[in-house]
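Coordinates in review
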Amino acid sequence: MAGGGAPAKSDEPQPHPPKDQLPNISYCITSPPPWPEAILLGFQHFLVMLGTTVLIPTALVPQMGGGNNEKARVIETLLFVAGINTLLQTLFGTRLPAVIGGSYTFVPTTISIILAGRFSGEPDPIEKFKRIMRSIQGALIVASTLQIVLGFSGLWRNVARFLSPLSSVPLVSLVGFGLYELGFPGVAKCVEIGLPQLILIVFVSQYVPHVLHSGKNIFDRFAVIFTVVIVWIYAHLLTVGGAYNDAPPKTQISCRTDRAGLIDSAPWIRIPYPFQWGAPSFDAGEAFAMMMAAFVALVESSGAFIAVYRYASATPLPPSILSRGIGWQGVGILLSGLFGTVNGSSVSVENAGLLALTRVGSRRVVQISAGFMIFFSILGKFGAVFASIPPAIIAALYCLFFAYVGAGGLSFLQFCNLNSFRTKFILGFSIFLGLSVPQYFNEYTAINGYGPVNTGARWFNDIINVPFQSKPFVAGVVAYFLDNTLFKREGSIRKDRGKHWWDKYKSFKGDTRSEEFYSLPFNLNKYFPSV
């Protein structure tokens, strides 16, 4: 045929069209499952978030001078505050099914406070623990103002307006993939328990549903409960059978089911309350360092919020809603400082991955999980039973959930032009630096005991070192800067970066779906301009 090519054959493969909402989700934000199923799914979210809730205090409290009693009280407090923050976020924040729990981002700054010289002369370990806790509380209270101001004033909305699918890929992907050191390295610390858990959850969630064809999604939806119970019983049999009696201490901590020391130490009933450790103390340098950690957590949580909306099958997150969620996350950090959780709050990445595994993005399910957090934090003995799950089992779950979140970030490539050299450069350069720069900072710190920036002011060192130890922060900042400055004036760039897909969701106007997903149950516009 003159002047043109031959028509495409009907049987030729066609590209998959981009989807602004993820299909094949069983229950989205506003469509809750039946109550019995919702309760089980909520309990599953509670089990998943316990990993971070237990591991962070377990690592920090002994360094502060506390024993098992203090560790149990801190875990209960962190669990209680996580339940409150999750309810606040799902009711008034982004209204996404996002669990708000403890964050590893605050750990380096917290350790810096623990190592401050003014605590070394305290002979009483319990009094030393309380003094350090009060200092951490003061730093968190001051740091919370950063997210509160940026969120509720709408300033973060102005930053999020320039976020595109292209710049979101490195940020969201490394929110998940960047936590690889918490995955298989934790499994390998007790391979006879962690590896069976990893293999079993992949088999039950991915293979069994396609073999049985039950149509009820039982095994893939409740795979965490099934597999954790089986492997937990197996680990307990190894423990009582004496398999680890002569093992090294690190192996016993990762493998045994009776090494947490929480069941005997936890009270039967106790309600955490503000200032339970005493009046907070304030140090200007530590407050500034914690504010930088809060800013890094803000960037990471922005990526986690994007992953959560994707797996909840919601429309793209409007900048005003993201800003509102950051404001309420700042309130969560404030509550962490008031109650004394030894750690700040951010979006739970592992629970975002659980949304993908279950294909249930219901807001009600996550609110039920918040109820479990509050309930088991008050009934300490019962909560301590679930908190005694061996860390190797938790690490195996992390392998799956963090991978899901990372893949959720890669899914935004469907909106971008992958044939553009500009796109390839921004993606490759930002992801490479996001992995390489933190690797350098972490290796330097591990070898020398301090970061590359090492002055006489510990707080100044933290302000510089902590951001560059975060993979999603480095990758996200580099991608955001390049995407908004590199050849942006050229006409085709807007489509190359996928911005035309998201611009229609900048506000609720003309989009009733976004209004349904994100609008508040009460009219709070007069109080929060970013709404």
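Structure: see above.
Here is what the cut-offs are and how they apply
Residues numbered from 1 in each chain as written. Predicted model: local features only at pLDDT ≥ 70, side-chain atom pairs only at ≥ 80, totals over all residues. Heavy atoms only, no water. Helix = DSSP H or I, 4+ residues; strand = E, 2+ residues; numbered from the N terminus. Rg over C-alpha atoms; globule rule 2.2 N^0.38 Å. Buried < 20%, exposed > 50% of the residue type's maximum accessible area, 1.4 Å probe, protein only. Contact = heavy atoms within 4.5 Å. Areas by Shrake-Rupley, 256 points an atom, 1.4 Å probe, with all protein chains shown as cover. Lys, Arg positive; Asp, Glu negative; His and termini not counted. Charge placed at Lys NZ, Arg CZ, Asp CG, Glu CD. Phe/Tyr/Trp six-rings, centres within 6.5 Å; stacked < 30°, edge-to-face > 60°. Disulfide = S-S within 2.5 Å.

**Some points on the overall build of the chain**
- Counting its regular elements, the chain contains 23 helices and two strands.
- Against the globule reference of 24 Å for 531 residues, the chain gives a C-alpha radius of gyration of 23 Å, in line with a compact fold.
- Dimensions of the chain along its principal axes, counting C-alpha atoms only, are 90 × 55 × 50 Å.
- Per-residue burial for the chain yields a buried fraction of 57% across its 531 residues.
- Long-range contacts, defined here as pairs at least 24 residues apart, represent 85% of the contacts in the chain between residues at least 6 apart.
- Total accessible area on the chain stands at roughly 22000 Å², and carbon and sulfur atoms take up 65% of it.
- Charge separation in the chain, taken as the distance between the mean sites of 40 positive and 28 negative side-chain charges, equals 7 Å.

**Some words on the packing of aromatic side chains**
- Counted according to the given criterion, the structure contains 32 aromatic pairs.
- Ring centres of W156 and F295 lie 6.3 Å apart, and the angle between their planes is 90°; this geometry places the pair in the edge-to-face category. Taken together, the residues span a long stretch of sequence, with W156 in helix α5 (residues 155-160) and F295 in helix α12 (residues 284-311) at a distance of 139 residues.
- Residue W156 is classed as buried on the basis of its relative accessible area of 10%.
- Exposure remark for F295: the relative accessible area of 27% places this residue in the partly exposed category.
- For the pair Y311 and Y404, a centre-to-centre distance of 6.3 Å together with 80° between the ring planes defines the contact as edge-to-face. Of this pair, Y311 sits in helix α12 while Y404 sits in helix α17 (residues 391-410), and the two are 93 residues apart along the sequence.
- Of the residues examined, Y311 reaches a relative accessible area of 8% and is grouped as buried.
- In textbook terms, an aromatic cluster arises when at least three aromatic residues are bridged by ring pairs, as seen for F43, F46, F372, F375, F376 and F386.

**A few points about the state of the cysteines**
- Across all of its chains, the model carries one disulfide by this definition.
- Note that C190 is cross-linked by a disulfide to C255, the S-S spacing being 2.0 Å. In this structure, the disulfide formed by C190 and C255 twists by about 130° around the S-S bond and is classed as right-handed. Taken as a pair, C190 in the loop between α7 (184-188) and α8 (191-212) and C255 in helix α11 (residues 249-255) lie far apart in primary sequence, 65 residues in all. For the pair C190 and C255, a shared accessibility class is recorded, and that class is buried.
- Distance from the sulfur of C399, which forms no disulfide, to the nearest cysteine sulfur (C190) is 14 Å.
- Overall, the relative accessible area of 22% leaves C399 in the partly exposed class.

**Remarks on helix α16 (residues 380-387)**
- Across the eight residues that make up α16, a large majority, six, are buried.
- Of all the positions in α16, only G380, K381, G383, A384, F386 and A387 are classed as buried.
- Those residues of α16 that are buried are in contact with α1 (35-64), α2 (68-91), α10 (223-240) and α15 (363-378).

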